[in-house]
Amino acid sequence: MAVETSHPAPVWNDPSRPLATRVAALIEAMTLEEKTAQLYGVWVGASAQGDEVAPHQHDMEEAVDLEALMPTGLGQLTRPFGTAPVDPALGALSLQRTQARIVSANRFGIPALAHEECLAGFAAWGATAYPVPLSWGATFDPDTVRRMAAAIGRDMRSVGIHQGLAPVLDVVRDARWGRVEETIGEDPYLVATIGTAYVRGLESAGIIATLKHFVGYSASRAGRNLAPAAIGPRERADVLLPPFEMAVREGGARAVMHAYNDNDGVPAAADRQLLTGLLRDTWGFEGTVVADYFGIAFLKTLHGVAADWADAANAALAAGVDVELPSVKTFGAPLVRAVKDGRIPESLVDGALSRVLRQKAQLGMLDPDWDPVPAALRGTDPDAPDALRGKVDLDSPANRELARELAEKAVVLLSNDGVLPLAAPRRIALVGPNATEATAVLGCYSFPMHVGVQHPDVPVGIDLPTLHDTLTAEFPDAVVTVARGTGVDDGDLSGIGAAVDAARNADLVIAVLGDRAGLFGRGTSGEGCDAESLTLPGAQQQLLDALLDSGRPVVTVLLAGRPYALGRAVGESAAIVQSFFPGVEGTRAIAGVLSGRTNPSGRLPVSVPRGPGAQPTTYLGARLAQASDVSNIDPTPAFGFGHGLGYTTFTWSDLRVRSRQATTEGEFAIAFTLGNSGERTGTEVVQLYLHDPTASVVQPVQRLVGYDRVSLAPGETRRIDITVPADVASFTGRDGRRIVEPGDLELRLASSSTAAHLTATVTLTGPVRAVDETRRFHATFAQQALPGQ
């Protein structure tokens with residue numbers, strides 16, 4: 001009689017065992033080749049027929065033999081959905097089949113972790129394209145951003161994706177930089193709070209959020225992509241690092257991507273003090289550090305700090321980089337040979353591997369019941385791929401509603417002489433290169449602009465109404481005449497005369513100007529699309545000036561990825577409406593602001609310059625960075641950070657300082673009354689700025705330390721109580737420690753960095769106090785309705 005015997009699962013497959021025990025046992029059982037295989041990805045494209053993925057061939061990497069790699073395992077799959085247009089259901093099937101193949105091919109049955117871009121929505125064909133991060137900043141609304149990120153994460157998770165390469169937490173230091181559209185703004189507190197909200201949303205859906213670019217990328221000289229960063233230790237500590245610190249501490253981000261740049265000669269990818277000393281040892285980060293694409297190889301090819309691929313691998317591993325993306329160049333055969341030759345200690349490999357495997361175990365990818373079938377395909381027949389086509393909706397009505405809400409909250413009304421909202425215009429001249437361009441609402445990391453432009457014969461995959469479409473729907477009784485005038489950047493002047501004629505035959509001109517998103521010089525905004533100055537691209541300023549001379553009121557509308565100097569239009573436009581690539585619902589949001597259907601509540605996340613050549617500058621400048629008699633360049637903006645108008649008015653009154661003094665470890669309490677004195681419901685963004693008149697190191701004249709959106713009906717008033725911990729006044733002192741100093745401070749309650757309404761003078765007492773990563777980040781706001789309301 002046969003006796004049945006049970007074979008216990010290996011330790012690493014047993015979810016009842018401690019995580020560290022499982023990971024250590026698996027590492028002990030692996031060969032060197034199997035270890036290094038978990039530390040790199042392969043760039044692939046999903047099959048349009050639902051077959052297995054195929055390696056993506058590109059000029060940055062030699063051809064990859066996926067079949068040859070599979071037996072030792074595979075750490076990551078790079079952008080299966082974001083490489084070519086593929087029906088989402090068939091892309092999910094392709095990824096499912098590939099994962100099953102990977103699991104069966106390696107002896108431990110470890111699947112690959114799949115990652116995608118999600119900077120302005122899931123970068124997949126047919127997925128909702130949300131507003132770009134600069135618009136997230138314009139909302140001053142972390143909760144809406146969190147809900148958007150959760151929706152993006154759910155869509156990604158449903159088709160088998162595990163990691164998203166967002167958010168970008170770079171703080172704008174020079175608006176000429178092409179990737180300004182990908183940032184959240186020029187203030188570290190705004191970037192930190194909005195970025196942390198995005199992280200929370202993405203992580204709540206089970207997607208690993210990836211903070212990038214760590215750190216200094218946005219501080220490149222002259223705003224040039226990948227140029228060296230010129231930043232001192234205090235600028236790095238007080239401006240560039242806080243968003244990452246908050247996203248790690250409060251957001252729970254599980255991945256960080258190193259930056260491309262070097263700072264003072266040390267590339268971020270080889271900076272152990274940054275990636276291990278600060279990130280892991282000081283902040284307690286336990287996730288993975290992934291390479292920005294080709295960033296490890298760049299240590300040899302661009303930075304010149306590595307002699308060969310093994311040298312580059314050694315520098316990155318020693319610094320704390322765990323995963324090479326997007327493909328295998330240095331962490332593959334060169335790393336294996338170097339370890340066997342004794343050039344690189346195997347302990348470096350094991351350290352990175354332990355973090356990678358721990359993350360996979362946390363995702364359930366080492367469990368014996370792990371299933372490659374994603375949620376979107378459960379219950380479907382994988383042998384009938386044609387029946388799946390069109391069955392996965394990544395642009396649902398709920399997504400569109402979120403995109404609409406975010407876009408509406410992000411539109412910024414910069415100026416208005418009373419022409420807006422438009423009553424019932426009879427004749428509108430709709431002029432400009434972005435008036436009839438459907439993709440003018442999209443950033444460079446949206447799928448249509450990032451990938452779709454390379455496939456012009458494939459439909460865009462989502463509904464993208466032009467501003468002409470939405471304006472004619474918003475004003476059905478108006479006669480709308482369209483004139484292009486000029487292109488975004490072609491410099492063509494031949495159409496300006498016809499545009500002026502259209503303006504003179506209309507009651508009102510709406511000039512729709514701005515950018516075209518693209519990559520590496522193929523656009524006027526986006527990665528590698530840096531600007532020499534902040535003059536509007538091409539001949540758009542000439543067009544705008546000609547329209548201002550037409551004798552008709554001109555409403556200037558900007559669909560752009562960065563702020564631009566607008567010349568005469570600042571004082572002569574009847575109104576200026578600023579939008580930063582507002583996504584699929586963007587033109588409807590703009591039309592609603594123009595008609596008054598929506599009361600605008602967006603605020604500038606970046607200053608709008610008065611002149612095109614004053615860069616680099618932000619509102620965070622110290623006293624000597626402001627206008628002065630010692631320089632003939634005036635950096636004063638046309639519209640400052642935090643500025644934005646609406647269709648109602650607010651009163652700020654009855655400031656009470658409940659605690660005018662506090663120790664350097666205490667807190668202040670202030671309160672005031674905000675009222676809506678206008679005739680329609682509106683939202684004010686209460687902004688709290690800190691001014692430190694005397695400090696041991698030079699400070700910015702003011703900096704944002706808190707904000708809150710307050711919506712009020714006509715005649716409604718509300719009491720706003722604010723608690724301000726002394727910690728928010730901290731800065732990096734001369735010895736490199738973060739400190740809180742005693743002395744007087746000003747707490748400015750404002751509607752923008754240039755419009756303070758109430759000021760409380762308070763005093764910190766006691767000794768200089770050192771603070772660390774446990775410090776309090778936030779002033780807290782509480783809204784209280786007044787009696788009788």
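A brief report on the enclosed structure follows. Note that the structure is predicted; figures quoted are calculated from it, not measured. (Residues numbered from 1 in each chain as written. Predicted model: local features only at pLDDT ≥ 70, side-chain atom pairs only at ≥ 80, totals over all residues. Heavy atoms only, no water.)

### Looking at unusual backbone geometry
Here comes step 1: With omega at -5°, the peptide bond leading from phenylalanine 214 into valine 215 counts as cis.
Here comes step 2: Summarising the element assignment, valine 215 is placed in the loop between strand S6 (208–214) and helix H8 (233–240).
Here comes step 3: Each neighbour pair has its own omega, and for leucine 420 with proline 421 the value is 0°, a cis peptide bond.
Here comes step 4: Structurally, proline 421 can be placed in the loop between strand S11 (412–416) and strand S12 (427–431).
Here comes step 5: Unlike most non-glycine residues, leucine 226 shows phi in positive territory, near 70°.
Here comes step 6: Within the fold, leucine 226 resides in the loop between S6 and H8. (Helix = DSSP H or I, 4+ residues; strand = E, 2+ residues; numbered from the N terminus.)

### Regarding the layout of surface pockets
Here comes step 1: The space that makes up the largest pocket amounts to roughly 940 Å³.
Here comes step 2: Contributing to the lining of the largest pocket are 41 residues, with Arg173, Asp238, Val239, Leu620 and Pro700 lying nearest its centre.
Here comes step 3: Going through the elements one at a time, helix H7 (188–204), H8, helix H9 (242–249) and strand S21 (703–712) are the ones with two or more residues in the lining of the largest pocket.
Here comes step 4: It is H8 that contributes the most residues to the lining of the largest pocket, four residues altogether.
Here comes step 5: Reported here for the second largest pocket is a volume of approximately 740 Å³.
Here comes step 6: A per-class count over the lining of the second largest pocket returns 13 nonpolar, nine polar and eight charged. (1 Å grid on protein atoms, 1.4 Å probe; cavity = no way out; pocket = protein on both sides within 12 Å on 5 of 7 lines; lining within 4 Å. Points joined across faces, edges and corners; volume = space filled by probe spheres on them. Nonpolar A, V, L, I, M, F, W, Y, C, P; charged D, E, K, R; others polar.)

### A closer look at the packing of helix H6 (residues 142–158) against H7
Here comes step 1: Axis separation between H6 and H7 bottoms out at 7 Å; the angle between their running directions is 35°. For the pair H6 and H7, the crossing hand works out as right-handed. Contacts between H6 and H7 involve Pro142, Val145, Arg146, Met148, Ala149, Ala150, Ile152, Gly153 and Met156 from the first element and Thr193, Ile194, Ala197, Tyr198, Arg200, Gly201, Leu202 and Ser204 from the second.
Here comes step 2: Taken together, the residues that form the contact of H6 with H7 break down as 11 nonpolar, four polar and two charged. (Axes fitted to C-alpha atoms, helices over the stretch in contact; angles between N-to-C directions. Left-handed = near helix turned anticlockwise from the far one by under 90°. Contact = heavy atoms within 4.5 Å.)

### What about the sheet that holds strand S16 (residues 575–580)?
Here comes step 1: Taken in spatial order, the six strands of this open sheet run S11-S16-S15-S14-S12-S13, and their pairing is mixed. For this open sheet the edge positions go to S11 and strand S13 (479–483), each flanked by a neighbour on one side alone. Recorded for the sheet is a direction-independent mean angle of 15° between the axes of neighbouring strands.
Here comes step 2: Bridge analysis of strand S15 (residues 554–560) against S16 gives six bridges, and the strand direction is parallel. Bridge assignment links leucine 558 to a residue of S16, and that residue is glutamine 578. (Pairing = 2+ DSSP bridges.)

### Things to note about helix H10 (residues 272–282)
Here comes step 1: Inspection of H10 places Leu274, Leu275, Thr276, Leu278, Leu279 and Arg280 among the buried residues, and these make up the whole buried set.
Here comes step 2: Measuring from the side-chain oxygen of the N-cap residue of H10 to the backbone nitrogen of glutamine 273 gives 3.2 Å; that N-cap residue is aspartate 271. (Buried < 20%, exposed > 50% of the residue type's maximum accessible area, 1.4 Å probe, protein only. Polar contact = N/O pair within 3.5 Å; in protein donor to acceptor, adjacent residues only side chain to side chain.)

### Comments concerning the packing of helix H12 (residues 309–319) against helix H13 (residues 333–340)
Here comes step 1: Their axes nearest at 8 Å, the elements H12 and H13 cross at an angle of 80°. Relative to H13, the element H12 lies roughly perpendicular. Only Pro334, Leu335 and Ala338 of H13 make contact with H12, whose side of the interface consists of Trp309, Ala310, Ala313 and Leu317.
Here comes step 2: Tallied by class, the residues present in the contact of H12 with H13 amount to seven nonpolar, no polar and no charged. (Parallel < 35°, antiparallel > 145°, perpendicular 65-115°, else oblique.)

### A word on the environment of tryptophan 370
Here comes step 1: Position of tryptophan 370 relative to the elements: it lies in the loop between helix H14 (346–362) and helix H15 (385–388).
Here comes step 2: We classify tryptophan 370 as partly exposed; its relative accessible area is 21%.
Here comes step 3: C-alpha separation for the pair tryptophan 370 and proline 111, spaced 259 residues apart in sequence, amounts to 9.0 Å.
Here comes step 4: The residues touching tryptophan 370, leaving out its near neighbours within four places in the chain, are Gln99, Val103, Pro111, Gly364 and Met365.

### Points about the pairing of S6
Here comes step 1: Across the seven residues that make up S6, a large majority, seven, are buried.
Here comes step 2: Crossover handedness for the path strand S5 (residues 163–164) to H7 to S6: right-handed.
Here comes step 3: Sheet topology places S6 next to strand S7 (residues 255–258); three bridges connect them, and they run parallel. Residue pairing for S7: threonine 210 is matched across the bridge by alanine 255. (Right-handed = clockwise from strand over helix to strand, strands pointing away.)

### As for the packing of aromatic side chains
Here comes step 1: For the coordinates displayed, the defined rule picks out 16 aromatic pairs.
Here comes step 2: Ring centres of tryptophan 12 and phenylalanine 108 lie 5.5 Å apart, and the angle between their planes is 80°; this geometry places the pair in the edge-to-face category. Of this pair, tryptophan 12 sits in the segment before helix H1 (19–29) while phenylalanine 108 sits in the loop between helix H4 (88–105) and strand S4 (113–116), and the two are 96 residues apart along the sequence. Phenylalanine 108 matches tryptophan 12 in its accessibility class, with the two residues each being buried.
Here comes step 3: Considering the side-chain rings of tyrosine 260 and phenylalanine 298, the 5.5 Å spacing of their centres and the 45° angle between planes classify their relative orientation as tilted. (Phe/Tyr/Trp six-rings, centres within 6.5 Å; stacked < 30°, edge-to-face > 60°.)

### With respect to the pattern of salt bridges
Here comes step 1: Tallied over the entire structure, the rule returns 53 salt bridges.
Here comes step 2: Among the ionic pairs, aspartate 174 bridges to arginine 176, the shortest N-O distance being 2.7 Å. The pair formed by aspartate 174 and arginine 176 is uniform in burial state, with each residue classed as buried.
Here comes step 3: Sharing partners across several salt bridges, the network here consists of Asp141, Asp143, Arg146, Arg147, Glu405, Lys409 and Arg709. (Salt bridge = Lys/Arg side-chain N within 4 Å of Asp/Glu carboxyl O.)

### Here's the deal with the sheet that holds S6
Here comes step 1: A sheet is described by the order of its strands in space; here eight strands give the open sequence S2-S1-S3-S4-S5-S6-S7-S10, paired in mixed fashion. Edge positions in the open sheet fall to strand S2 (54–55) and strand S10 (288–290), since each of these has one partner strand only.
Here comes step 2: Here S7 runs beside S10; their pairing, made up of three bridges, is parallel. Each residue of the ladder has a partner; that of valine 256, found in S10, is valine 289.

### Digging into the environment of valine 392
Here comes step 1: Examined against the element boundaries, valine 392 turns out to sit in the loop between H15 and helix H16 (397–410).
Here comes step 2: According to the relative accessible area criterion, valine 392 is buried, its value standing at 11%.
Here comes step 3: With 301 residues separating them along the chain, valine 392 and glycine 91 place their C-alpha atoms 9.9 Å apart.
Here comes step 4: What valine 392 contacts, discounting residues up to four positions off in sequence, is Pro88, Ala89, Val159 and Ala376.

### As for the environment of leucine 442
Here comes step 1: Tracing the sequence through the fold places leucine 442 in the loop between S12 and helix H17 (447–450).
Here comes step 2: On the basis of relative accessible area, leucine 442 is assigned to the buried category, the value being 1%.
Here comes step 3: Linking leucine 442 and histidine 778, residues 336 residues apart in sequence, is a C-alpha distance of 33 Å.

### Some thoughts on the pairing of strand S1 (residues 41–45)
Here comes step 1: Across the five residues of S1, five count as buried, placing the element largely inside the fold.
Here comes step 2: Along S1, one buried face is formed by Gly41, Trp43 and Gly45 and the opposite face, lined by Val42 and Val44, is buried too.
Here comes step 3: Sheet topology note: the S1/S2 ladder contains two bridges and is antiparallel. Looking across to S2, one finds that valine 44 is bridged to proline 55.

### Let's talk about the nonpolar core
Here comes step 1: Ranked by size, the top nonpolar core spans 223 residues in total, and within it Phe122, Tyr198, Phe214, Leu420 and Ile510 carry the most contacts.
Here comes step 2: Sorting elements by how many residues they give to this core places H7 first, with eight residues.
Here comes step 3: If near-sequence neighbours (up to four positions away) are discounted, phenylalanine 214 is found in contact with Leu241, Phe244, Val256, Met257, His258, Ala259, Ala268, Leu274, Leu275, Leu278, Leu279 and Trp283.
Here comes step 4: If you look at the next biggest cluster of nonpolar residues, it comprises 31 residues, including Phe672, Val710, Val728 and Ala729. (Core = buried A, V, L, I, M, F, W, Y, C linked by side-chain atoms within 4.5 Å.)

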